[in-house]
Amino acid sequence: MIRTTPTRKLLLLLVSLLAFPGCSIRPSDVSLPPRAAQDGVSQTIPLISGRLLDPQGKPVVGATVRAYSAPYRIAGAAVPSQPPVVARTGDDGSFVLSGPPLGSVAVEASDAAGLKALRTGVAIAQGARIALGTLTLRQTGTVRGRVTIADGGSLLGIDVFIPGTDYLARTDASGRYAFTGVPEGSFALAAMRPRYRPRVLEGLRVAPGAEVEAPLLELSLDAPVLAAVTPDHGGPGSTVRLTGENFGESAQRVLQVTFDDTLAVTVRRISDTVIEAVVPAGSTTGQVVVRADGIASEGRPFRVLQSITMEPPYAGIHVGARQALRAVARDTTGVVVPEAQLDWGVGTANVVSRDADHTHTGLSAGWSEVYARSGTVTGVSAIGVSPYRQVLARSLADPPNGVWVDLAQGSDGSLYLSDWRGSRILRLDERPAALNVVGTGQTGSSPDGTLAAEALLNHPHGIVLDAEGTLFVAENEGHRVLAIPARDTTLFGVPMQAGRLYAIAGTGIKGYNGDGPDARTRQLNNPGDLLLEPDGSLLIADTANGRIRRLTPSGALETLMGGGARLVSTDGLDAASYGEALRVGLARDGAGNVAFSNGPHLLMLCRTPGRYLGRDMASGMVYPVTGQRTTGFNGDGPGLSTMVSNPTGLQFTPQGDLLFCDGGGTLLRTLRTDGQVRTLAGQRYPEGLGILNRTDLLPLPAPASARRFGSNALVLQADGSLLVIPSLTFELHRLEPSP
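Conventions we followed
The residue numbering used here restarts from 1 in each chain and proceeds along that chain's sequence as written. Under the rules for a predicted model, residues below a pLDDT of 70 receive no local features and side-chain atom pairs below 80 are neither given nor counted, while totals for whole chains, interfaces and linings still include all residues. The basis for every side-chain value is the complete set of heavy atoms in the structure, and neither hydrogens nor water enter the calculation. Secondary structure is summarised from DSSP: a helix means a run of H or I of at least four residues, a strand means a run of E of at least two, and numbering begins at the N terminus for each. Each residue is placed in one exposure class: buried if its accessible area under a 1.4 Å probe, protein chains only, is under 20% of its type's maximum, exposed if it is over 50%, and partly exposed if it falls in between. Note on contacts: a residue pair is in contact if any heavy atoms of the two residues lie within 4.5 Å. Pairing between two strands is assigned when DSSP locates at least 2 bridges connecting them. Definition used in this section: a nonpolar core is a set of buried Ala, Val, Leu, Ile, Met, Phe, Trp, Tyr and Cys residues joined via side-chain atoms within 4.5 Å. For this analysis, a ring pair means two rings from Phe, Tyr or Trp (six-membered ring only for Trp) whose centres lie within 6.5 Å, classed as stacked if their planes differ by under 30 degrees, edge-to-face if by over 60, and tilted for the remaining angles. Two thresholds decide whether a charge sits over a ring: the Lys NZ or Arg CZ must be within 6 Å of the ring centre and within 35 degrees of the ring normal. In the analysis that follows, any N or O atom pair within 3.5 Å is treated as a polar contact, provided that within protein one partner can donate a hydrogen and the other can accept it, and provided that, for residues neighboring in sequence, both atoms belong to side chains. Each reported salt bridge corresponds to a side-chain nitrogen of Lys or Arg within 4 Å of a carboxyl oxygen of Asp or Glu.

Trainee: Which parts of the structure should I look at to understand the overall build of the chain?
Mentor: Helix and strand counts for the chain come out as one helix and 66 strands. The buried share of the chain, taken over its 739 residues, is 51%. In the chain, of all internal contacts separated by at least 6 residues, the share reaching a separation of at least 24 is 54%.

Put into structure tokens, the structure is as follows:
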């Protein structure tokens, strides 16, 4: 019985047996040359022996016997096989074939009358001695048949052959083929064409002198089979694994993978059954299809991710607390992909740790991005770990339409607020309402000796108090520095009466006319922050002149830094060459060094050589300690790699860390002595609503630009707590170290 079996095993067999149409293959009469020795060891030549008889059982003399290997080895191509060997039978019909090809060979005998005998599948190894026994010559037969193609392609030139032999036929235009001179026996019959799945018949019996009509051989396209895509979703740039069959590794077929008709640029074929592909940019949710030599598999559904949203988008916790995050992935149709397989990570590992269930634990004070991504699609959340808890100290009664730009504390514990918009200074003490101590709320400038409560101020900014209770005010748009003493005294060479207002620096006209012995004749330009030194000197941030000025106890005005034309580099520059802008905000450490800001940087004017804020410094030099050339926010990290935005409210801790408000007052951050920036509290909303405008003190979310003016008002107290007044909330908040 003839059976049709297109099994995988037979496909593998046929891959080693196929020939291209148009290739001519003939048995060769070339004998095997002597084999060379390997590694000095002589090789033993294999031998095949046997005896050939005619149909009547008599020895056949002078017949030809040859041993050959089938020449069809690569799908669609004929390649040179090992040369056959040929022998003649002797008087007793015996023969010896010396040095036949190694592997599986056919031994075929024929005489002058066209009778043949065939033995296939003879296994030959080095040094083998094969005794075939008796071969009997018989009449040959004829095999005829027809090949069809399922998709209606051309039938001309299809290869049909008998596996294990060198019998090959090619079809005509109608698909017909014929073998003549086929020895007696039972054979397989194969048909194959490149890009088509081969077809094999087994059990084809050829009888002497008979003609056999073989069953129809039908070829179908050799399509790859795509069984699964893992995972079945991913963003552009992610790698997925495709499993199935017939991916063409062994046949070196041209392979393509498409994601909803978008061709994958990167495809790695691991085997005939496994492919790895990178989801291409521009692809959309749809079907994944594998093509081998242009023949397509059936598609498998695949969802291309378009967005990942983190919930919550930001969170604030304390050290040791835990916060769970969830990532919601949507495909290009906007549909949520449940339980999406994403790569999770944290930006700053020493701030938060991540558990397998995406719960995050606060490790130390700071800020860290938490992301979930698939390829180029990323969702980002932020977790801030704060060392503080927030206490609402008090609400300000009858709040004015003010913008709080500075906060100072007197020796008696009273607090003074600088209201830039309201052009006045208020005092907070045990009384329920804030007391207006300087200014009427009207904008203007008053002469020396005016009672403080009746005086006009022109947008005050920095304020500071000395140990005697004297209040110093930088009149930002009045271009003066004022003093209001608590008792009759002489300060900076100016006699003063208690409770009255006096100019101690500046002429009231903005500009610069140099230094001199009488500060009241020297021009200032938008003075900002003020800073008292232990010897009684007063440092002034002369912002629009780009200088730090020093008002000496005698009343002289001199320049500590600025007046040059050079930009700050990471290597620093000498103080006199500094030529950039100067923002409000000054702070002095225990060694007398002065920290300030130019907008995108925090900088340090070194006055005592040493190592500060993570870098070595020389006296008389200015060094950047945070920031880059543009403002912004890029998380926590080394100071010189961390972006800042117009930092204000600068305060040094006793340990030498520098506290500051960042992003228009939306964040409370610190630059530690090791040079690392850490975010401690605050929120960064898209419109920047102030450093603290919620009582639960959620630390910052994702970065954004603050557009509203925030708070400079920051006071560090002896117990480590902080006092702050957000510019738009009219509330005094106390930040206490969390337990």
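Don't stop here, the text continues.
Trainee: Explanation requested: the sheet that holds strand 47 (residues 500–505) in the structure shown.
Mentor: Neighbouring strands of a sheet are bound in pairs by backbone hydrogen bonds; such pairs are parallel or else antiparallel. Taking strand neighbours across the sheet as the criterion, the five strands line up as 41-47-44-43-42 in an open arrangement whose pairing is antiparallel. The outermost strands of the open sheet, each flanked by one partner alone, are strand 41 (450–451) and strand 42 (460–465). In this structure, strand 41 lies alongside strand 47, joined through two bridges in antiparallel fashion. Its bridge partner being in strand 47, T450 is matched across the sheet by L501.

Trainee: Even after reading the chapter, I still don't get unusual backbone geometry, so can you show me in this structure?
Mentor: For residues other than glycine, phi is negative in most cases, and the peptide bonds are mostly trans. Here the residue pair T230 and P231 is connected by a cis peptide bond, since its omega of -10° sits within 30 degrees of zero. With respect to the secondary-structure elements, P231 resides in the loop between strand 18 (225–230) and strand 19 (233–234). Geometrically, the link from E311 to P312 is a cis peptide bond, its omega value of -10° lying close to zero. With a phi angle near 60°, H479 is a residue other than glycine that sits in the positive phi range. Notably, N526 is not glycine yet its phi reads approximately 55°, a positive angle. Within the secondary structure, N526 is located in the loop between strand 47 and strand 48 (527–532).

Trainee: What am I meant to see in the pairing of strand 6 (residues 103–110) here?
Mentor: On any regular strand, side chains alternate: one points to one face of the sheet, the next to the other face. Note: strand 3 (residues 64–68) against strand 6, five bridges, orientation antiparallel. From the neighbouring strand, T64 faces strand 6, where its bridge partner is S110. Bridge count between strand 6 and strand 7 (residues 116–124): seven bridges; the pairing is antiparallel. Looking across to strand 7, one finds that E108 is bridged to L118.

Trainee: Would you explain the nonpolar core in this entry?
Mentor: Side chains of nonpolar character tend, in soluble globular proteins, to be buried together. Formed by 26 residues in total, the largest nonpolar core has its most connected members in V143, V147, V160, Y177, F179, L189 and L217. At the level of secondary structure, the elements contributing two or more residues to this core comprise strand 9 (141–149), strand 12 (176–182), strand 13 (185–192), strand 15 (199–206) and strand 17 (217–221). Every residue in contact with V147, bar those within four places of it in the chain, is listed here: L155, I158, V160, T171, G175, Y177, A191, L216, L217 and L219. With 20 residues, the next largest nonpolar core counts V107, L115, L132 and L137 among its residues.

Trainee: I tried to follow the packing of aromatic side chains on my own but got confused; where do I start?
Mentor: How two aromatic rings sit relative to each other is set out by the distance from centre to centre and by the angle between their planes. One pass over the structure, following the stated rule, counts four aromatic pairs. Ring geometry for Y177 against F179: centres 6.0 Å apart, planes inclined by 70°, an arrangement best described as edge-to-face. On the basis of relative accessibility, which here comes to 3%, the residue F179 falls in the buried class. Taking 6.0 Å as the distance between ring centres and 75° as the angle between the ring planes, the aromatic pair formed by F472 and F492 counts as edge-to-face. Placement of the pair is F472 in strand 43 (residues 471–475) and F492 in the loop between strand 45 (489–491) and strand 46 (494–496), with a sequence separation of 20 residues. Take F492: its relative accessible area is 9%, and that puts it in the buried class. For R373, the ring lying beneath its charged end belongs to Y371, and the centroid distance is 4.0 Å. The ring of Y512 has R547 sitting right over it, with the charged end atom 3.8 Å from the ring centre.

Trainee: Help me out: how do you make sense of the side chain of Q523 in this one?
Mentor: By the element assignment, Q523 lies in the loop between strand 47 and strand 48. Among the polar contacts made by the side chain of Q523, one reaches the main-chain carbonyl oxygen of I509 at a distance of 3.5 Å. A distance of 3.5 Å separates a polar atom in the side chain of Q523 from the backbone nitrogen of Y512. When residues no more than four places from it in sequence are discounted, the contact partners of Q523 are T507, I509, K510, G511, Y512, N513, D542, N545 and R549.

Trainee: How do you make sense of the pattern of salt bridges when you look at a structure like this?
Mentor: Opposite charge on two side chains permits them to pair, given that their charged atoms come into close proximity. All chains considered together, the criterion is met by 29 salt bridges. Between D515 and R549 there is a salt bridge, with the nearest N and O atoms lying 3.0 Å from each other. Residue D515 is located in the loop between strand 47 and strand 48, and its partner R549 is located in strand 50 (residues 547–551); the two are separated by 34 residues in the primary sequence. Overall, R549 belongs to the buried group, its relative accessible area being 0%. D674 is the partner of R672 in a salt bridge, and the nearest nitrogen-oxygen pair spans 2.9 Å. Judged by relative accessible area, D674 falls into the partly exposed class, the value being 45%.

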